[in-house]
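# Descriptive analysis of the structure
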Amino acid sequence: MLVLTRKVDQSIMIGDNIRIVVVDVRGDQVKIGIDAPRDVMVHRHEVYEDIQAENQRAALKRQIDLGVLERTLRESKPQKG
Amino acid sequence: MGWELVELQTRLGTLEVDEEKIIHFPVGILGFSEYHRYVVVEQEDSAFSFLQSMDDPELSFVIIMPELVRSDYSVQLNEEEIELLQIESPEDCKVYGIVTIPENVADMTVNLQAPVVINAKTLLGAQFIIPGDRYHTKHNVIAEMHKNAYEMQKQSKVQEGVEKMQESV
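Before going into details, it helps to say that this report is about the structure given with it. The structure presented is a predicted model; accordingly, all values stated were derived computationally and were not measured. (Residues numbered from 1 in each chain as written. Chains lettered and ligands numbered in written order. Predicted model: local features only at pLDDT ≥ 70, side-chain atom pairs only at ≥ 80, totals over all residues. Heavy atoms only, no water.)

## A few points about the overall build of chain A
A count of helical and extended segments in chain A gives two helices and three strands. Counting from the amino terminus, chain A carries its helices and strands in the arrangement β-β-β-α-α. Radius of gyration (C-alpha) of chain A: 22 Å, far over the 12 Å computed for a compact globule of 81 residues. By its C-alpha atoms, chain A is 60 × 35 × 25 Å across when sized along the principal axes. When each of the 81 residues of chain A is scored for burial, the buried share is 21%. Intrachain contacts of chain A at a sequence separation of at least 6 include 0% that bridge at least 24 residues. (Helix = DSSP H or I, 4+ residues; strand = E, 2+ residues; numbered from the N terminus. Rg over C-alpha atoms; globule rule 2.2 N^0.38 Å. Buried < 20%, exposed > 50% of the residue type's maximum accessible area, 1.4 Å probe, protein only. Contact = heavy atoms within 4.5 Å.)

Here you go:
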């Protein structure tokens, strides 16, 4: 991994059109600004990983009959509480 | 000029897809960013539909309209997201939640934190992440639906009460 040292208000370019700015540093927290084209999605890593993993789980591994899902919904009993 | 039918062997069987219905996902679904073309396969009389990849016939998702699970569900898009899908009017958009179906079907969950938004007019789609902690990736579909029905019942009772009070005034 490339490691660069930057001060507040200094930035880093990734390619031609992604700019990362160090906005503020307080204690162990760093505020980061990101300028990126709109087709580049920017997310916190944890959130990104969580959703990616859920999508992987959701991708069908077997044939699913929507009728079965529908029936499951209809026949389910309300849960107490 | 005319449209063409594309035939695709999928987990859902043989699909005949009208080329004009193919939705382009400029960014792709998270974790599947190499695929950009999808089609929504609706089933009659079902709350569920399929989101089928046109690039990989093996890749399909079950989707559901989130308001069936949470009647107050709403998505607020930021400027970049609106531009990405070239949205002119919210009415042009359809919102879906991706459903995860475990071994026990009754435990199915829906991801309300990262809905799929499709602009039916421009045929552009994307999966967006809703900021904040209002929604997460695993809402139990059945539990939420019952809660939803209960809330709506309660609301209509309150409404009835209000109407009765108004009548008696």
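Back to the write-up after that little detour.
## Some words on the environment of Ile18 of chain A
By the element assignment, Ile18 of chain A lies in strand β2 (residues 18-26). Distance in space between the C-alpha atoms of Ile18 of chain A and Lys61 of chain A is 36 Å, their sequence separation being 43 residues.

## Observations concerning the interface of chain A and chain B
Contacts between the two partners involve 29 residues from chain A and, on the opposite side, 46 residues from chain B. Three residues, Arg38, Leu60 and Leu66 of chain A, lead the burial of chain A against chain B; their summed loss comes to 20% of the area buried on that side. Where chain A touches chain B, the interface holds one salt bridge. The tally of links between chain A and chain B comes to nine residue pairs in polar contact (both at pLDDT 80 or more). Taken together, the elements giving at least two residues each to the side of chain A that touches chain B come down to α1 (45-58) and α2 (66-75) of chain A. Sorting elements by how many residues they give to the side of chain A that touches chain B places α1 of chain A first, with 10 residues. A per-class count over the side of chain A that touches chain B returns 12 nonpolar, eight polar and nine charged. (Buried area = accessible area lost by both parts, 1.4 Å probe. Salt bridge = Lys/Arg side-chain N within 4 Å of Asp/Glu carboxyl O. Polar contact = N/O pair within 3.5 Å; in protein donor to acceptor, adjacent residues only side chain to side chain. Nonpolar A, V, L, I, M, F, W, Y, C, P; charged D, E, K, R; others polar.)

## What to know about α2 of chain A
Among all positions of α2 of chain A, only Leu66, Leu69, Glu70, Thr72 and Leu73 of chain A are buried. Taken down its axis, α2 of chain A places every buried residue within 160° of arc, on the same side. Summarising the geometry of α2 of chain A, the exposed residues directed more than 90 degrees from the buried face are Arg74 and Glu75 of chain A. Those residues of α2 of chain A that are buried are in contact with β5 (48-53), β6 (60-64) and α2 (141-168) of chain B. (Arc of directions from axis to C-beta.)

## Focus: the side chain of Thr10 of chain B
Residues and elements named next belong to chain B. Within the secondary structure, Thr10 sits in strand β1 (residues 5-10). Accessibility expressed as a relative area gives 13% for Thr10, which makes it buried. Side-chain polar atoms of Thr10 contact the backbone oxygen of Gly13, separated by 2.9 Å. Not counting chain neighbours up to four residues away, the residues in contact with Thr10 comprise Leu15, Gln52 and Pro57.

## A word on the pairing of strand β3 (residues 29-35) of chain A
Residues and elements named next belong to chain A. Taken together, the seven bridges between β2 and β3 define a ladder with antiparallel strand orientation. Residue pairing for β3: Arg26 is matched across the bridge by Gln29. Here β2 folds back onto β3 in antiparallel fashion, the turn holding two residues, of which Gly27 has a positive phi close to 60°. (Pairing = 2+ DSSP bridges.)

## Structural notes on the sheet that holds β3 of chain A
Residue and element names in this part refer to chain A. Judged by pairing direction, the sheet is antiparallel, and its three strands sit side by side in the order β1-β2-β3 without closing on themselves. One side of each edge strand has no neighbouring strand; the edge strands of this open sheet are β1 (11-14) and β3. The sheet shows a mean angle of 25° between the axes of neighbouring strands, direction not considered. (Axes fitted to C-alpha atoms, helices over the stretch in contact; angles between N-to-C directions.)

## As for the packing of aromatic side chains
What characterises a pair of aromatic rings is the spacing of the ring centres plus the angle enclosed by the ring planes. Residue and element names in this part refer to chain B. Enumeration over the complete set of coordinates arrives at three aromatic pairs over all chains. With a centroid separation of 4.7 Å and an interplanar angle of 50°, the aromatic rings of Tyr73 and Tyr135 are classed as tilted. Placement of Tyr73 in the loop between β6 and α1 (79-84) and of Tyr135 in the loop between β9 (124-127) and β10 (139-140) is noted, with a sequence separation of 62 residues between them. Judged on exposure class, the residue Tyr73 and its partner Tyr135 are both buried. (Phe/Tyr/Trp six-rings, centres within 6.5 Å; stacked < 30°, edge-to-face > 60°.)

## Some points on unusual backbone geometry
A positive phi angle, near 80°, is found at Asp9 of chain A, a position not held by glycine. Within the secondary structure, Asp9 of chain A sits in the segment before β1. By relative accessible area, which is 61% here, Asp9 of chain A ends up exposed. Phi at Gln86 of chain B is positive, roughly 50°, even though this residue is not glycine. Tracing the chain through its elements places Gln86 of chain B in the loop between α1 and β7 (93-100).

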